Amino acid sequence: MDPTRQLLDQILLEVGIAAYVTGALVLFGYFLTRRPLLRAIGMPLAIVGAVSQFAELGARWWMTGVWPLTNLYGSLSLFSACAVTIFVVFAYRYQIDFIGGPVLALAAIALGYATTWNEGYMPAVPALQSYWIKIHVPIVITAYASFMVAFCLSLIFLVKAAAENHYRRPSAGMRAVAAGAASGANFDVALSAYVAPPTFGNIRTDTPALEAAAADGDATARWFASLPSLAKLDVMQYRVIAVGLPLLSLGIITGAMWAKEAWGAYWQWDPKETAALLSWIVYAAYMHLHTRPEWRGTRTSVISVIGFASIVFCYLGVNIWISGLHSYKM
Amino acid sequence: MEARSGNGLAGTAPAVPPLRVAWDDLVRLFAHVPFGVSLLATWGLLTLIGVIVEQGKDPSFYGGAYAPPIARLILRLDLDNIYHSAAYIGIIGLILCSMAAATFTKVIPRRIPRLNPVKIDAIPLHATVHVAGDAQTARERIAAFFAARGWQVRKREFGGTEWTFADKNNWARRGVLVAHLGFVLIAAGTTIYWAKGYSGQFAVLSGQTATIPENGTTVALKRFAYRIDPVQTKAGTVYQPIDYVSDATVTGRDGVAHDAVIRVNHPYDANGTLIYQATYGFAIDFGLTKDGRPIPGPDHPLKEGEGFAIDGTSRAIQYQRFVGTIDRATGQPGADPRPNDPGVVIQAFDGDRPVGGALIPLGQPVDLGAGYKLDAARYVLYSGFQYRYDPGIPVVGLGALVLLAGLCISFYFLPARLFVQVRDAAGGGAEVGIAATTVRGYEVFEERFAEIIEAVRLTEPAAPQTEVTTTPALGSVV
């Protein structure tokens, strides 16, 4: 391998990691302070990181003639690049810049972990020498990446909902007065208020306790209140998952078609296949429950978090720890 | 149960048969979304168990891999073969029942709703715009406004009040049905395979012929070749398989022989039965002597995992695996799988009890004791194939496409309905009340609704005192 080309590969990789780490710090700063300047710096860093990663994968392909997604390094690289790209697109379309910190931090972690699997330039084993690898793998990885973005939105939803619950608790004095009255002070934040006649006279105000505390000068409450409404966060999650689930479905279908061509059966109950099915089931449950107003909100956000945990299990757990047709372990 | 009939006479409703009540309760239960989701959760849990617990292994494997109570639990509950267990198949059946019940009792009636009047103010997404002109002309203008923007406009009269309904992406209300139809097609295609298809596997030694029993197709393996390259990585040299290829002659039911080159990812189609390159291995010709004289041993080259009994003893020899290169320095298997300095790993048994194992270089007889000597004389490459005839594939493929289409329709085309009521305003002009509903709640349509109201306001000639009132959610649209 030409050392100059290897150097190019290395430089692009390091630019990607540096851009993600710096971008994550800057966008976390934006998340905490809402200073537009930090967003103006962080978003270009996110774009630089994603572009350099795509360029690095392209450079690998160009240098070796081998499709770069034949190992965990390549797929994790694509995963982080896709996650950041999806974040940037959604940030542009739906103003979700505030999750840039966690998204870029996770992308940096994924890319850093990927480098531990970078064995160099390996030719593909016979099973991977198929045009399907250029179709199936990017689709599945893009689905995983969109679920990661949805996961970040879900976390922020849950944190804001928890803050609302916290501020809804009566004060100590109020608690003393209310002692004995089974008031159920800590109640779950669901979005049913959007469908039922607005409880608080304003359908956008789904965190009235936070906003009341913010109006009283509570700095923490003011910060939480400045996040998008819970309903908005829920819709954003839904939209990102609505990108991921069809892609995951398409990924499972293309994987089945490839398996049919390579091994003679489109479904073999391989751990990877079944783990992907498991993730699909979780997100299908999310979609079904999201049709129910009383389930929309905290519960669907929890399912989104569970869904991403199942994706991590499917993506890394199965590949690394469980033997099967997709196993990376030796 | 008391009921009042249409003619005002009180009467007793006909008794509903208990069976009918039970059936209705059952259908209601299965159509209940949380129940369906609980079935999905159970399916997911069983699938997770199947991922974690190795499937289809010998019972002794679980005894070695897990603590005895867990191993017993796995075997007793059929968790070692969970995907074919009654519980797993049953849960899928229940999910299909739940889908059917929900489709016919909830999805169809709710997805294609009738045109009914509503209380505009009670719908969270609503707005009122005051426009110029009388109600009749304003109604016509509003209808033309929505029709020009691609909305399907319909007018109805309820109790003397005229209503205008505008629908967008009404066709997409069927998306959920389309997605579920995809599942039905996939299930149908799979059933066709179970009913009419077949599959199996076989291995053929170079120079030999195998027959597919279901259709009589023969596969004569002329030659099997592989390519394994040493690749320098950061961790050292690894031996990477690059290619496996079988050069064969395939004779189908028509009796015509065809040359076939079968590779991984490139199956050969023999009259609709696909033959796949699956695996390969090294079969070994074993020779056995006692006191220097040949005695009966295996009558054919053994593949990995096969064995033979030693006549006149309780002992047996199993050929476990082929070693391409023996590291002469250590006497252990080397990293290079290519047969440079090959050997075989064998295991000796006394009855069912393992009594010892050894790595034997090829062509170098090893003493088994009591005068017996075993010689792994030579290896013969064999090729392992899978075959499958699956007439259900086109239906499964169609089902997959329909499923994807249904998902895309459901997720990317939002059916929305606007309820428009135009009345003469007390102070002159007309009052246009507009409310919106979608199949996915209100928040998802809030921005679009605000744009629509803004467009109505800008397009319509304003009443002398223009006023727009909205819910606080649309406070920016003033």
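The rules we used
Residues numbered from 1 in each chain as written. Chains lettered and ligands numbered in written order. Predicted model: local features only at pLDDT ≥ 70, side-chain atom pairs only at ≥ 80, totals over all residues. Helix = DSSP H or I, 4+ residues; strand = E, 2+ residues; numbered from the N terminus. Rg over C-alpha atoms; globule rule 2.2 N^0.38 Å. Buried ≥ 20, exposed ≤ 12 C-beta atoms within 10 Å, placed from the backbone. Pairing = 2+ DSSP bridges. Axes fitted to C-alpha atoms, helices over the stretch in contact; angles between N-to-C directions. Domains from an automatic or database assignment. Contact = placed C-beta atoms within 7 Å. Nonpolar A, V, L, I, M, F, W, Y, C, P; charged D, E, K, R; others polar. pLDDT = per-residue confidence, 0-100. Core = buried A, V, L, I, M, F, W, Y, C linked by C-beta atoms within 7 Å. Parallel < 35°, antiparallel > 145°, perpendicular 65-115°, else oblique. Left-handed = near helix turned anticlockwise from the far one by under 90°.

### Focus: the overall build of chain B
Tallying secondary structure elements over chain B gives nine helices and 24 strands in all. The C-alpha radius of gyration computed for chain B amounts to 37 Å, which surpasses the reference 23 Å derived for 478 residues by more than 25%, pointing to a less compact arrangement than a globule. Overall size of chain B, expressed as C-alpha extent along the three principal axes, is 120 × 60 × 50 Å. For chain B, buried positions account for 28% of its 478 residues.

### Some words on unusual backbone geometry
Glycine aside, the phi torsion of most residues is negative, and most peptide linkages are trans. Even without being glycine, A:Trp269 reaches a positive phi, approximately 55 degrees. Here A:Trp269 is to be found in the loop between helix H9 (230–263) and helix H10 (271–290). Residue class for A:Trp269 comes out partly exposed when judged on the 18 C-beta atoms lying within 10 Å of it. Although it is not a glycine, B:Ala370 sits at a positive phi angle of roughly 55 degrees. Of note, B:Ala370 is situated in the loop between strand E20 (366–369) and strand E21 (372–389).

### Examining the sheet that holds strand E14 (residues 307–309) of chain B
Strand-to-strand pairing in sheets goes through backbone hydrogen bonds, with the strands running parallel or antiparallel. All names here are of chain B. If you walk across this open sheet you meet the four strands as E14-E15-E18-E19, and the pairing is antiparallel. Of all the strands in the sheet, just E14 and strand E19 (353–361) have a single pairing partner and so form its edges. The mean angle between the axes of side-by-side strands here comes to 20 degrees, regardless of whether they run parallel or antiparallel. Pairing of strand E15 (residues 315–323) with strand E18 (residues 343–350) involves eight bridges; the strand directions are antiparallel. Bridge pairing in E18 links Gln 318 to Gln 347.

### Describing the domain arrangement of chain A
Residues and elements named next belong to chain A. As assigned here, chain A comprises domain 1 (1–124) and domain 2 (127–171 + 186–330). The interface of domain 1 with domain 2 comprises 21 residues on the first partner and 24 residues on the second. Looking at the side of domain 1 that touches domain 2, the elements with two or more residues in it are helix H3 (72–94) and helix H4 (100–115). In terms of residues, the side of domain 1 that touches domain 2 owes the most to one element, H3, which gives 10 residues. Within the side of domain 1 that touches domain 2, the residues separate by chemical class into 18 nonpolar, two polar and one charged.

### What to know about the interface of chain B and chain A
Opposite the 48 residues of chain B that make contact, chain A presents 48 residues. Taken together, the elements giving at least two residues each to the side of chain B that touches chain A come down to helix H2 (33–52), strand E8 (218–233), strand E9 (236–251), strand E12 (273–290), E21 and helix H8 (393–412) of chain B. Each residue belonging to the side of chain B that touches chain A can be placed in one class, and the counts come to 31 nonpolar, 12 polar and five charged.

### Here's the deal with the pairing of E12(B)
Residue and element names in this part refer to chain B. Note: strand E11 (residues 268–270) against E12, three bridges, orientation antiparallel. Residue pairing for E12: Tyr 268 is matched across the bridge by Ile 275. Hairpin remark: E11 followed by E12, antiparallel, with two residues in the connecting loop; positive phi at Asn 271, about 50 degrees. For E12 and E21, the ladder comprises 16 bridges, and the chain directions are antiparallel. Each residue of the ladder has a partner; that of Tyr 276, found in E21, is Gln 386. As paired strands, E12 and strand E13 (residues 293–295) are joined by three bridges and run antiparallel to one another. Within E13, the residue paired with Leu 288 across the bridge is Ile 295.

### Some points on the pairing of E19(B)
Here eight bridges tie E18(B) to E19(B), and the two strands are oriented antiparallel to one another. Paired with B:Val345 across the two strands is B:Leu359, which belongs to E19(B).

### With respect to the domain arrangement of chain B
Taken domain by domain, chain B consists of domain 1 (11–111), domain 2 (120–169 + 414–474), domain 3 (196–280 + 386–398) and domain 4 (282–379). Here the C-alpha centre of domain 2 of chain B lies 46 Å away from the C-alpha centre of domain 1 of chain B.

### Focus: the confidence of the model for chain B
Residue and element names in this part refer to chain B. Looking at chain B as a whole, its pLDDT mean stands at 85, while 93% of the residues score no less than 70. Low pLDDT, under 50, characterises residues 1–10; the predicted model gives this stretch six contacts beyond four residues in sequence or across chains. Ignoring residues within four places in sequence, the model shows residues 466–478, a span with pLDDT below 50, making 31 contacts including any to other chains. What the predictor reports for the complex is a pTM of 0.80 with an ipTM of 0.76.

### Thoughts on the sheet that holds strand E10 (residues 257–263) of chain B
All names here are of chain B. Strand order across the open sheet formed by four strands is E7-E8-E9-E10, with antiparallel pairing between neighbours. At either end of the open sheet lies a strand with only one pairing partner, and these are strand E7 (209–211) and E10. Neighbour-to-neighbour, the strand axes of this sheet turn through a mean angle of 35 degrees, independent of strand direction. In this structure, E8 lies alongside E9, joined through 15 bridges in antiparallel fashion. What sits directly across from Val 231, in E9, is Val 238.

### Structural notes on the nonpolar core
Counting 155 residues, the largest nonpolar core has A:Ala83, A:Phe87, A:Val149 and A:Leu153 as its most contacted members. With 21 residues, H9(A) is the largest single contributor of residues to this core. Contact partners of A:Val149, with chain neighbours within four places excluded, come to A:Ala83, A:Ile86, A:Phe87, A:Phe90, A:Val103 and A:Val240. B:Ile142, B:Ala166, B:Val420 and B:Ala436 belong to the second largest nonpolar core, which has 27 residues in total.

### Concerning the packing of H3(A) against helix H5 (residues 133–168) of chain A
Residue and element names in this part refer to chain A. For the pair H3 and H5, the least separation of the axes is 8 Å and the interaxial angle reads 55 degrees. In this view, H3 runs oblique relative to H5, as classed from their interaxial angle. Handedness of the crossing formed by H3 with H5: right-handed. Contacts between H3 and H5 pair Ser 75, Leu 78, Phe 79, Cys 82, Ala 83, Ile 86, Phe 87 and Phe 90 from the former with Val 137, Pro 138, Ile 141, Thr 142, Tyr 144, Ala 145, Ser 146, Met 148 and Val 149 from the latter. When its residues are assigned to classes, the contact of H3 with H5 shows 14 nonpolar, three polar and no charged.

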